[in-house]
Amino acid sequence: MRSLLTRIWLFLGKWLGRLLLAVATIGLLGWGIGSLYYAWKFSGPVSAQEEIPPGEAQLTQAIIEDAVRIVEQHRDNTRVLRDAHAKAHGCVKAEVTVASDLAPGLRQGVFAEPGHKWAAMVRFSNGNAYPQFDSARDARGMAIKLLDVPGAKLMPGKGHDTEQDFVMFNHPVFFVRDVAEYRQNFAAQASGQKVAAFFPSWKPSTWEIRHLVIALQTLAPAPDSPLQAGYNGIAPYKLGEANNIKYRVIPLSEGCPAYQLPKLNEKLPNFLRTAMYQQLSVDRVPACFALQVQKQDPSKYMPIEDVSVEWSEKDSPFQTVATVSIPPQDFDSREQNLACDNLSYNPWHALPEHRPIGGINRLRKAVYEAVSVYRHERNGVGGE
């Protein structure tokens, strides 16, 4: 009997081993084919100009309607929240200093004068459309608003004529490529169909597995502190007429006091706000970032219209154009938090030298403005 069981066990083991080997071989083959396919697909050259597809305006209007539906679904009692990045960890005063050794070709817009200092207001946030515990996997955002910026803006007469905004979050790419995919994905999520957001039909050709992976990577565990994370602009912008660029912000230790954040209770719902409060308000230690730009090289695969593709740092390294210094301060009062909630950040609050480009930025212009106006009207707040 034991001999029979041994033979059966060895037989099953042999076939199980063969099955595992076959699965591994198929997996490696698929990985290899996929790598070759994307190496071919993601190869230059690309256009250095925007390419607006037909029907984008109609898709944008549909997305605005979905966004309004989401803010109504997620309102806090009677208060209407943002359709994304609804929960702020705090808005803090900052100083943005243009690099003194900035290359002449990058001296454009607010970076035109090396060494110039801009007063700013910086908002840190979670990405979800509804406030949740900071321990939940989520995107994290950083938005910088330069104040008292002279010159005509891209959206004049909207109450932001003296502002220049930079909007970023903590992943280098977005989980949709363009406005058409955003419409499909956003509509599915607004209807609670999260699977359909990336698998809209039974046809494998419609599946967005790579973008699902990006979405899962974006929904990351919380950092120790918003002041210790890096943030990316994702979509491209102009920097003067000659440059197409992307922005990012990274923590900067040079010229900033070393700081070790005490261990915090990450189970508390607002521990990221507590981390900021601990550093800036209790320990009175400043935080510093480097604001950097990456120039497009159209001979490489650095597309303008597909924000799901990361521009390679090997092809074009980032260059520091300014530093962002956040001094010690008290920011967590009821009045300041309400003022923070009423702030509007939009990449189109900008000088022409910093014009947003690409489909996702064109979408932002319409959606951010429409949702901001709707939100402020419903909350009884004047202005856009």
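In the annotation of an unreviewed UniProt entry, the protein is listed under the name catalase and assigned to Pseudomonas denitrificans.

Quick look at the nonpolar core now. Of all hydrophobic cores here, the largest spans 39 residues; its most connected members are F111, F124, I144, L146 and I326. Filtering out sequence-adjacent residues up to four positions away, L146 remains in contact with V96, V110, W118, A119, A120, T162, E163, Q164 and F166. Counting residues in each nonpolar core, the second largest holds 26 residues, with F169, V176, A235 and V367 among its members.

The geometry of an aromatic ring pair comes down to the distance between the two centres and the angle between the two planes. As enumerated under the stated definition, the model contains 11 aromatic pairs in all. Both rings, one in F111 and one in F166, keep their centres 6.2 Å apart while their planes meet at 25 degrees; by these two values the pair is stacked. Of the two residues, F111 is situated in the loop between β1 (88-98) and β2 (117-126) and F166 in strand β4 (residues 164-169); the sequence distance between them amounts to 55 residues. Geometrically, the ring pair formed by F169 and F174 is edge-to-face, given 6.2 Å between the ring centres and 75 degrees between the ring planes. When sorted by exposure, F169 lands in the same class as F174, which is buried. Following the ring pairs from residue to residue traces out a cluster consisting of F169, F174, F175, Y182, F186 and F198. Stacked on the ring of F318, the Lys or Arg R248 has its end atom at 4.0 Å from the ring centre.

Rules used throughout
Residues numbered from 1 in each chain as written. Predicted model: local features only at pLDDT ≥ 70, side-chain atom pairs only at ≥ 80, totals over all residues. Heavy atoms only, no water. Core = buried A, V, L, I, M, F, W, Y, C linked by side-chain atoms within 4.5 Å. Buried < 20%, exposed > 50% of the residue type's maximum accessible area, 1.4 Å probe, protein only. Contact = heavy atoms within 4.5 Å. Phe/Tyr/Trp six-rings, centres within 6.5 Å; stacked < 30°, edge-to-face > 60°. Helix = DSSP H or I, 4+ residues; strand = E, 2+ residues; numbered from the N terminus. Lys NZ or Arg CZ within 6 Å of the ring centre and 35° of its normal.

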